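Commentary on secondary and tertiary structure
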Amino acid sequence: SILQLFPLEAPKRAGCCPVMKKTNSVNPELDSVLTRPENRVCADCGAKAPRWASVNLGVLVCIDCSGAHRNLGTHISVVKSVTLDRWQPKWINTVSKIGNDIGNDYYERRCSNGEKLKEGTGGEKL
């Protein structure tokens, strides 16, 4: 029977097993970049755990802001998924060297605080 081939195991209790560190199986080279404090939030709106990037600008963004970046066109912002797309070495290098702090310091240097996007606005101010 199917149960003989795939026996069911009782669920393990919380805390009995070591916690596995979440890693990026498609681009493991990005793990250290994603865990940097400045890259734990979207460069544009501040949403937690961004999983998209403008690989030519070197910043990590949320899914909503990734749509706004896509609408800018690939001549301005090239958007790739951190978890779905296989990244070229030059993209990893760019995002590793720039990141959200340096990117925002450069691209938003002339913006006032009122011009900064808020989470959930979907890039309407871009």
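This write-up is about the structure you can find in this document.

What counts, and where the lines are drawn
- Residues numbered from 1 in each chain as written.
- Predicted model: local features only at pLDDT ≥ 70, side-chain atom pairs only at ≥ 80, totals over all residues.
- Heavy atoms only, no water.
- Helix = DSSP H or I, 4+ residues; strand = E, 2+ residues; numbered from the N terminus.
- Buried < 20%, exposed > 50% of the residue type's maximum accessible area, 1.4 Å probe, protein only.
- Phe/Tyr/Trp six-rings, centres within 6.5 Å; stacked < 30°, edge-to-face > 60°.
- Lys NZ or Arg CZ within 6 Å of the ring centre and 35° of its normal.
- Salt bridge = Lys/Arg side-chain N within 4 Å of Asp/Glu carboxyl O.
- Contact = heavy atoms within 4.5 Å.

Okay, the side chain of Asp 44 next. Relative to the elements of secondary structure, Asp 44 occurs in the loop between helix 2 (31–34) and strand 1 (52–54). Residue classification places Asp 44 among the buried residues on the basis of a relative accessible area of 9%.

What follows concerns the packing of aromatic side chains. Scanning all chains against the criterion turns up one aromatic pair. Considering the side-chain rings of Tyr 106 and Tyr 107, the 4.9 Å spacing of their centres and the 90 degrees angle between planes classify their relative orientation as edge-to-face. Look at Tyr 107 and you get partly exposed, because its relative accessible area is 45%. When the ring centre of Tyr 106 is taken as reference, the NZ or CZ atom of Arg 109 above it lies at 4.6 Å.

On to the pattern of salt bridges. Overall, the coordinates contain one salt bridge when judged by the stated rule. A salt bridge links Glu 38 to Arg 36, with the shortest nitrogen-to-oxygen separation between them at 2.9 Å. Classification of Glu 38 by relative accessible area gives partly exposed; the value is 22%.

Attention shifts here to the environment of Trp 91. Position of Trp 91 among the secondary structure elements: in helix 4 (residues 89–97). Here Trp 91 falls in the buried class, since its relative accessible area comes to 14%. In this structure Trp 91 touches Val 55, Lys 80 and Arg 86, once residues within four positions along its chain are discounted.

Remember that the coordinates give geometry; whether it matters functionally is a separate question.
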